[in-house]
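The chain contents come next:
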Amino acid sequence: MATFDMVFEGGGAKGIAFVGALEAFSAAGHTPGRLIGTSAGAITATLLAAKFTPAELRAAVTERLSDGKPRFSTFMDKPTKDDFSDSVIDQSETMEAFNSVQPGLLGRVLGKLDRGVLDALLHTSLYAQLFSFEECGGLFVGKAFLAWLSEQLKGKGIGKDDTLQDFHTKTGADLSLVASDTTDKEMLVLNHRTAPQCPVALAVRMSMSIPFVWQAVLWEESWGLYLKRPKAGNAIVDGGVLSNFPIRLIAERDDDIMGGADPNAARNLGLLIDETLSVPGVSAEGNKPQLATRLRTVQRVTRLIDTMTEARDNDAIRQHQDEICRVPAKGYGTTEFDMSAEKLEALINGGRQAMQAYLSAHRFA
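The following refers to the structure shown. Predicted model, so just to flag it, every value in this text is computed and none were measured.

As a further point, take the nonpolar core. Formed by 94 residues in total, the largest nonpolar core has its most connected members in Met6, Leu190, Trp219 and Met355. Considering each element in turn, this core owes the most residues, eight residues, to helix α15 (residues 341-361). Apart from residues lying up to four places away in sequence, methionine 355 is in contact with Ala21, Ala24, Phe25, Leu269, Leu271 and Cys325. One finds Phe84, Ile89, Leu118 and Cys136 within the second-largest nonpolar core, a separate group that totals eight residues.

Structure below.
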């Protein structure tokens, strides 16, 4: 039995496969050491750091609503007018466009009705999404995800406002979450050393904010500094933009970010979502990803993100092949949160089989 420092790749709904992998990992008697994750991997790493058992992880990701739909399907939560502050509306591009209309009948009408017209538009679902895309960087709000995560952490004694330092104190876990700062153009590794005052739930929310899909998160002044540098007002998005599989953080020594931990003190294990590997038991027809929305913008962005994240971290992957368990996810979509129960179970089972094969091949079984 061994302790492994673990890194979990980002991949949206495809990250559900990690549940099966962790079932096999735990059944073999192994334990996690340091935990690092990006996007969906950040969710898994956080729940694991909060002492979720594999059974509890399974229950969390397979939860169903009263109508039978997956709880995860609510994560694509469309904005309403109430999701936009007066300042956001008044300073929006739409208001600027209204104000720039040349004098004339239309200009006189819009000059009197511009805010009323915009308020009326924001009461329509499609326009509210487009307004959110333009003004907030994403078509969906992300509140439903944050509510779900806070609910999960509450069951382990972690409050919705608990910071990364609070989380470390309560759990003893060394958790790091990767996000991307689009204002300062840098990768952030959020943990109790680099950003102790940042709320843990919002750190995860930042890490999973796929650009243009979910609204970017603006760093609040109350969250303190990052590596002793101010970040207030900066727009933070999905860590996968810069590093979707940050295995170097457990494979190399980094005094500032990782506290100088010895990378050789524990074995390293990266869980990589491999879209070239078919999921056992899923037919060719069932292997076609279903997009969680019909909005064409989301479909285009989803395909772009899938392509972009697959190209990242290739050098590190090549260098650490023996430390990577490849989890099959061919045909599954990043935003396919409403997949059927059968397809979800197949994904979990694929993760389990992949981990069993990895442990057996490396004589850890």
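Before going further, it helps to spend a moment on the packing of helix α1 (residues 17-27) against α15. Between two packed helices, the angle of one axis relative to the other and the distance separating the axes together describe the packing. Close contact between α1 and α15 brings their axes to 6 Å; oriented N to C, the two are set at 40 degrees. Regarding the angle of α1 to α15, the classification is oblique. Between α1 and α15 the crossing geometry is right-handed. On α15, the residues that touch Ala17, Val19, Gly20, Ala21, Glu23, Ala24 and Phe25 of α1 are Leu347, Ile348, Gly351, Arg352, Met355, Gln356 and Leu359.

With that out of the way, let us pick up the pairing of strand β8 (residues 235-238). Where strand β4 (residues 175-181) and β8 come together, three bridges link them in antiparallel fashion. Bridge pairing in β8 links alanine 179 to aspartate 238. Where strand β7 (residues 217-218) lies against β8, two bridges are found, and the strand directions are antiparallel. Pairing of leucine 218 across the sheet is with alanine 235, part of β8.

The subject of this paragraph is the packing of aromatic side chains. Under the criterion given, the structure shown has 15 aromatic pairs. Taken together, a centroid distance of 5.2 Å and an interplanar angle of 85 degrees make the contact between phenylalanine 4 and phenylalanine 364 edge-to-face. Of the two residues, phenylalanine 4 sits in strand β1 (residues 3-8) while phenylalanine 364 sits in the segment after α15, which places them 360 residues apart along the sequence. Accessibility classification places phenylalanine 4 together with phenylalanine 364 in one group, the buried group. Each ring, one from tryptophan 214 and one from phenylalanine 337, has its centre 5.9 Å from the other, and the planes form 65 degrees; the classification is edge-to-face. You can see tryptophan 214 sitting in strand β6 (residues 212-214) and its partner phenylalanine 337 sitting in the loop between β10 (324-328) and α15, a full 123 residues away along the chain. Assessed through its relative accessible area of 2%, tryptophan 214 is described here as buried. You can call phenylalanine 337 buried: its relative accessible area is 8%. By the ring-pair criterion, three or more aromatic residues cluster together here, those being Phe72, Phe75, Phe145, Trp148, Trp214 and Phe337. One residue, lysine 156, lies across the ring of phenylalanine 52, its end atom 5.3 Å from the ring centre.

Our focus in this paragraph is unusual backbone geometry. Phi is mostly negative for residues that are not glycine, and the peptide bonds are mostly trans. The phi angle at lysine 185 is positive, at roughly 55 degrees, despite the residue not being glycine. Topologically, lysine 185 is positioned in the loop between β4 and β5 (186-190). Located in the positive-phi region is arginine 363, a residue other than glycine, with phi close to 60 degrees. Residue position: arginine 363 is located in the segment after α15. Given the relative accessible area of 78%, arginine 363 is considered exposed.

For the rest of this paragraph, the subject is the pattern of salt bridges. In the structure shown here, the tally under the stated rule is 19 salt bridges. Among the ionic pairs, glutamate 23 bridges to arginine 352, the shortest N-O distance being 2.8 Å. Here glutamate 23, found in helix α1, pairs with arginine 352, found in helix α15; they are 329 residues apart in sequence, far enough to count as distant. For the residue pair glutamate 23 and arginine 352, the accessibility class agrees, reading buried in each case. Two residues, glutamate 186 and lysine 231, come together in a salt bridge whose shortest N-O distance is 2.3 Å.

Rules and cut-offs
- Residues numbered from 1 in each chain as written.
- Predicted model: local features only at pLDDT ≥ 70, side-chain atom pairs only at ≥ 80, totals over all residues.
- Heavy atoms only, no water.
- Core = buried A, V, L, I, M, F, W, Y, C linked by side-chain atoms within 4.5 Å.
- Buried < 20%, exposed > 50% of the residue type's maximum accessible area, 1.4 Å probe, protein only.
- Helix = DSSP H or I, 4+ residues; strand = E, 2+ residues; numbered from the N terminus.
- Contact = heavy atoms within 4.5 Å.
- Axes fitted to C-alpha atoms, helices over the stretch in contact; angles between N-to-C directions.
- Parallel < 35°, antiparallel > 145°, perpendicular 65-115°, else oblique.
- Left-handed = near helix turned anticlockwise from the far one by under 90°.
- Pairing = 2+ DSSP bridges.
- Phe/Tyr/Trp six-rings, centres within 6.5 Å; stacked < 30°, edge-to-face > 60°.
- Lys NZ or Arg CZ within 6 Å of the ring centre and 35° of its normal.
- Salt bridge = Lys/Arg side-chain N within 4 Å of Asp/Glu carboxyl O.

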